[in-house]
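# Coordinate inspection notes
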Amino acid sequence: MSLLKFKLSRSAAVLAQAVWANRHLWRLKWNPRWSLWVMLVALLLSMLSTLIWLAGRYEGSQIQTRLERDTAEVVDDILTGLRRNIQELEALQSSESHAELWRLQVNELLRQQREIIRVEWRDTSLGLIQAENTPFRPFVFNRVSRASSAHNTAQACATAVRLSAAAYSGSYFMPQKDGLGMELLDLCIPLIEEGQLTGYTVATYSLQEILTELVNKQLSRGQGLSFTESDGTRLAIAGTPTRGNRIYSAQQLLDLPGNTLILRMDSWRGTPDFFPNVLTALVSAMAIALVAVLLLLGRDMRRRLKAENDLAEALAFRKAMEDSLVTGLRARDLQGRITYVNPAFCEMVGVDAKELLNHSLPNPYWPPELAGAYEDRQAIRLASANLPRGGHESIFMRPDGTRFPVLIIEAPLINATGKHTGWMSAILDISEQRRVEEVSRTSQDRLQATARLAMVGEMASLLSHELNQPLAAISSYATGSLNLLGDARGTEATLGTDLRLAFKRISEQAERAGKVIKSVHDFVRRRDQVRERVSPRSLLDAIMPLVSLQARKLSVRLMIDIDPACHVVLCDRTMVEQVLLNMARNGMQAMQAESKKTHAHERVLTLRVKPAAASEANRWVEFSVIDQGVGISAEVAEKLFTPFFTTRAEGMGLGLSLCRTVIEQHGGYLGHEPAKPRGTIFKFTLPSGPIPGCPAPSITAFQTTPDASEFLT
Ligand code: ADP
């Protein structure tokens, strides 16, 4: 137990040291919940150690009690033995007169009772009559004579006479020959005959033999028995106690007439185990189990706390989410009563959540005139499980009576056990959406009207632009005809031929003007665009009369260069002719401006057709109009295709923008680049398809036709 105490106190000291060393950490980490746990664990530990200590003590006391009980039994055994011996010694009284008989009986007694060393028969004045010694040991009064202990015998006999019963002397030490000695005790029994003292029977006991012979062997096994004096001096010892860590002692008085001895019993026992007995072990195990359960509970509590925190966080997050939502949320039970609304919904309808929750129908945000219809609608909708997935539109009312449209998306509300408990709705205020739609519709209408106006304007501008050329040609031919008629030199025949030709041209140009009107009309309406397969040459041929007319007027030489690899193109013929015409006219005008500046006379306008460089399998044909004019400055290039941009006084600035639109409508590309050494190349591409027998390639120096030249004014 002391070892346990020592260990406990050492661990407590180590713990205290650790706590002191880490006091800063403790101060930092200390919190009330932990302190409770620490207290609980400390309490349990102290309870456990107290229990073990008490159990150890209890076991010790048990041993002590058992030892004391044993000692009492030993005393009892000794007293019983001594009493029996007295009886047997008293029985000798009858044979005292017969010395031989006495001797026989005494020897018999000495053989049976080994603790008696010697029996003497003494007369009334203590004179020795007869004596017998134990056969089990050598004569004990060899070294020191029996007379030396006569006073002890006398004392015992005096006491015996006084008591009229057997009495004992005080113990005395009798040295032996072997250098040892033994503690002896005399018993004196007065011999009384008819009331008269006739002598004494004196028996000498060996205290050690008393311990070995009179004590039950079961009791003395493994224990040390001894007679001691009151100061603790041992008089006789018997038995060697088994060695152990701890000695237990018990003392008992052996009260004899005339003498009192102290009997001491020593028992060596090992330190009680850490768990001294099954009960303690059981209780300790239960306490340990309790600690384990507490720890598990603690862990469980920590988990619960964490789950609670997580839940609280999730709830807070959900609440924050619901509060920040702009969509109104509404939950209804199976009877259609509102069970939940979010702040956005309350704000939307302008009614407090308290007023809305569990409100009986009709709801406060239903317009009164629609309340009946809404109730019917709700009953039908809630009765059927099939809700429109895209939601439905409705009208809600604010407390001030204003109505506003909403989009309601509803879904069944299923709880954790899978039970249908109501309906959840998301409500969107779609007033703004409606307003935007309205604005967009109005502006769409306005746009359409504007587009129609623009279309009329565009058509008018185009017509005026495109009709200029045929009309100018008609006018030229008409003037030429008039001149012919006024010229008297001409013969009938030549006059007729020339006039027919002029009228043919006039009719052609008039027809062309009609086609232009139709084409422009179609172009503006973006429909009935007729695509036909046309050879590039026929396109050039068609514009040649007009181009050459102007070329002659401006003294320009025309050059036509058609690559043999070219194929037919798929296009709106009239519109593409107009594009070519525009470009040729622009080129010639640019050259005219240039010649005014440089006074150069040789001016060539080249019309080139070849397969587009980048096209695969000749899918595109490239048309180029190359002039040697002023060229295009960067400034002009920027606005070249802007409608109504022109640098010429009589120009309209629509030509190039229209050209580009036409080409792009064909899927082609229109662009320009500077020509070397001067001038500009305008080029565009058109989709092509190969046809067998492509017209033969040619590079033609196209001079103004002789017939047309006649009509130049
Ligand atoms: P318009 O011919 O009525 O002026 P266009 O759209 O056909 O309208 O031409 C716009 C402008 O582009 C012209 O005013 C001219 O300045 C410039 N331009 C067109 N073609 C050429 C060219 N081949 N060389 C130089 N400038 C040109």
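In this report, the structure presented in the accompanying data block is examined. (Residues numbered from 1 in each chain as written. Predicted model: local features only at pLDDT ≥ 70, side-chain atom pairs only at ≥ 80, totals over all residues. Heavy atoms only, no water.)

Before going further, it helps to examine the overall build of the protein chain. A tally of helices and strands in the protein chain yields 18 helices and 23 strands. For the protein chain, contacts bridging at least 24 residues in sequence account for 63% of all contacts bridging at least 6. Put simply, the protein chain shows about 39600 Å² of open surface, and 58% of that area lies on carbon and sulfur atoms. (Helix = DSSP H or I, 4+ residues; strand = E, 2+ residues; numbered from the N terminus. Contact = heavy atoms within 4.5 Å. Areas by Shrake-Rupley, 256 points an atom, 1.4 Å probe, with all protein chains shown as cover.)

In the structure shown here, the tally under the stated rule is 1 disulfide. The disulfide bridge from C157 ends at C188, spanning 2.0 Å between sulfur atoms. On the S-S bond that ties C157 to C188, the torsion sits near 100°, and the link is right-handed. Here C188 lies in strand β5 (residues 181-193) and C157 lies in helix α5 (residues 150-163), a separation of 31 residues in the sequence. Accessibility classification places C157 together with C188 in one group, the buried group. (Disulfide = S-S within 2.5 Å. Buried < 20%, exposed > 50% of the residue type's maximum accessible area, 1.4 Å probe, protein only.)

Once that is clear, we can look at the nonpolar core. Ranked by internal contacts, the top residues of the largest apolar core, which has 46 residues, are L540, M588, F623 and F684. Among the elements that make up this core, the one with the highest residue count is helix α15 (residues 573-598) (9 residues). Apart from the residues within four sequence positions on either side, L540 is in contact with I560, I562, L580, L607 and V609. In this structure, A166, L191, V215 and A250 belong to the second largest nonpolar core, which totals 42 residues. (Core = buried A, V, L, I, M, F, W, Y, C linked by side-chain atoms within 4.5 Å.)

The subject of this paragraph is the pairing of strand β13 (residues 392-397). Both β13 and strand β14 (residues 403-414) contribute to a ladder of 6 bridges, which runs antiparallel. Bridge pairing in β14 links H392 to I408. Hairpin geometry of β13 and β14 is characterised by an intervening segment of 5 residues between the two adjacent antiparallel strands and by a positive phi of about 95° at G401. (Pairing = 2+ DSSP bridges.)

With that settled, the discussion passes to the pattern of salt bridges. Summed over the entire model, instances satisfying the criterion amount to 31 salt bridges. Of the charged contacts in the structure, one is a salt bridge between E410 and R330, with a shortest N-O distance of 3.3 Å. Here the residue E410 occupies a position in strand β14, and R330 occupies one in strand β11 (residues 328-333), the gap between them amounting to 80 residues. In this pair, the class of E410 matches that of R330, namely buried. Bridged by salt links that share partners, the residues R118, E120, R122, R146 and D186 form one connected network. (Salt bridge = Lys/Arg side-chain N within 4 Å of Asp/Glu carboxyl O.)

With that out of the way, let us pick up the environment of R585. The topology assignment puts R585 in helix α15. On a C-alpha basis, the gap between R585 and V547 in space is 7.2 Å, while along the polypeptide they are 38 residues apart. Apart from the residues within four sequence positions on either side, R585 is in contact with H465, Q469 and Q550.

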